Amino acid sequence: MNKVLKDYLSLMRPANLPTAAADIFAGAAISGLLATGEVSHTMVVSLVYLVLSSVFLYAGGVVLNDVFDYKLDQIERPERPLPSGLIPISSAALFGIFLLLIGIIFAFFVHHFSGYLAVGLAISIVAYDGFSKNFGFLGPLNMGLCRSLNLLLGMSIFGSILIPWIAIIPLVYIFAITLISRGEVHGNNKAHIIWAGILYALVIFGVVNMVYVQTNEIMPMLLFLAVFGILVFRPLINAYRLNSPGNIKKAVIAGVLSLIVLDAAIAVGFSVWWYGLFILLLLPLSMLLSKIFAVT
């Protein structure tokens with residue numbers, strides 16, 4: 001692979017991008033994508049546009065995050081493309097803005113409502129990158145809001161959102177992961193890990209309650225949630241026992257990649273079991289890419 005191309009790809013965190021797509025698939029299922037048992041060509045095209053929108057918005061967000069963190073990364077992560085001088089910071093900034101704009105355009109191809117959501121998501125992303133992440137509570141909340149808006153973006157496939165309160169689940173989940181990541185460089189964050197564990201448990205309870213109330217079909221979903229629980233709690237417990245930056249980083253990576261499993265569980269609750277398995281196919285892709293590119 002061309003060295004310059006790989007450096008730009010690394011800025012986009014390719015391993016994380018399938019998790020953004022999973023949000024869209026889950027959101028579409030919540031809105032009734034498979035409710036009739038048939039998926040029209042128009043639905044498929046709209047779904048593809050929303051997936052592309054989400055992926056480009058996410059990629060633009062992480063690129064701009066590195067731009068805003070340039071000086072800090074010179075100290076804490078000097079090997080990254082920007083602090084190491086492999087990519088000029090001005091080029092990275094333009095690249096990030098370009099990715100956000102492309103993401104917004106793809107959303108408008110689906111519906112004006114989807115486009116406005118994408119604009120709101122882009123604003124929330126930039127707000128996190130440039131401001132809120134520097135504050136103890138506001139940063140995780142803003143990051144969670146980004147994921148909530150991404151789920152809502154998937155739910156907007158038909159031009160409206162019927163049950164928007166479901167978006168609180170990714171908000172709480174990403175809040176927990178962001179708390180864990182606060183110790184990724186220096187360690188010593190056991191209090192945050194305890195709170196993250198509590199929030200993970202609340203997320204699982206919230207999904208079960210949400211699906212039961214809305215569809216009364218929880219058995220297939222419980223299998224997916226069991227896998228999700230194992231994937232997120234095992235590294236979290238290890239990070240608590242040995243509170244080192246290495247273990248904390250593993251807990252963060254597990255949390256990010258397991259979002260795919262969480263989305264699959266939600267989708268199964270609102271659709272069919274094979275649709276959840278389809279979403280799960282994104283997990284090995286993320287894991288493969290995580291061996292080539294950094295996740296955090």
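Right, let's walk through the structure included here. (Residues numbered from 1 in each chain as written. Predicted model: local features only at pLDDT ≥ 70, side-chain atom pairs only at ≥ 80, totals over all residues. Heavy atoms only, no water.)

### Observations regarding the packing of aromatic side chains
Okay, so step 1: For the coordinates displayed, the defined rule picks out 14 aromatic pairs.
Okay, so step 2: Ring plane angle 85° and centroid distance 5.9 Å describe the contact between Phe-106 and Phe-109, whose orientation is recorded as edge-to-face. Of the two residues, Phe-106 and Phe-109 both sit in helix H5 (residues 89-110), 3 residues apart, roughly one turn of that helix.
Okay, so step 3: Classification of Phe-109 as partly exposed rests on a relative accessible area of 49%. (Phe/Tyr/Trp six-rings, centres within 6.5 Å; stacked < 30°, edge-to-face > 60°. Helix = DSSP H or I, 4+ residues; strand = E, 2+ residues; numbered from the N terminus. Buried < 20%, exposed > 50% of the residue type's maximum accessible area, 1.4 Å probe, protein only.)

### Concerning the side chain of Ser-10
Okay, so step 1: Within the secondary structure, Ser-10 is located in helix H1 (residues 3-11).
Okay, so step 2: What makes Ser-10 buried here is its relative accessible area of 18%.
Okay, so step 3: Not counting residues within four places of it along the chain, the set of residues in contact with Ser-10 comprises Pro-81 and Phe-293. (Contact = heavy atoms within 4.5 Å.)

### Thoughts on the environment of Pro-170
Okay, so step 1: The topology assignment puts Pro-170 in helix H8 (residues 168-181).
Okay, so step 2: Residue Pro-170 is classed as buried on the basis of its relative accessible area of 7%.
Okay, so step 3: As for Pro-170 and Leu-259, which are separated by 89 residues in sequence, their C-alpha atoms are 8.5 Å apart.
Okay, so step 4: Beyond its immediate chain neighbours, meaning those up to four positions away, Pro-170 contacts Gly-144, Arg-147, Ser-148 and Leu-151.

### Quick notes on the nonpolar core
Soluble globular proteins: nonpolar side chains tend toward being buried together.
Okay, so step 1: Leu-57, Tyr-173, Val-207, Leu-262, Tyr-275 and Ile-279 are the most contacted members of the largest nonpolar core, which has 82 residues in total.
Okay, so step 2: By residue number, the principal contributor to this core is helix H12 (residues 259-270), which donates 10 residues.
Okay, so step 3: Those residues within four positions of Leu-57 in sequence are excluded, and the remaining contacts are Leu-99, Leu-100, Gly-103, Ile-104, Ala-118, Leu-121, Ala-122, Ile-125 and Leu-153.
Okay, so step 4: Counting 14 residues, the second largest nonpolar core, distinct from the first, contains Tyr-58, Ala-59, Leu-82 and Ala-92. (Core = buried A, V, L, I, M, F, W, Y, C linked by side-chain atoms within 4.5 Å.)

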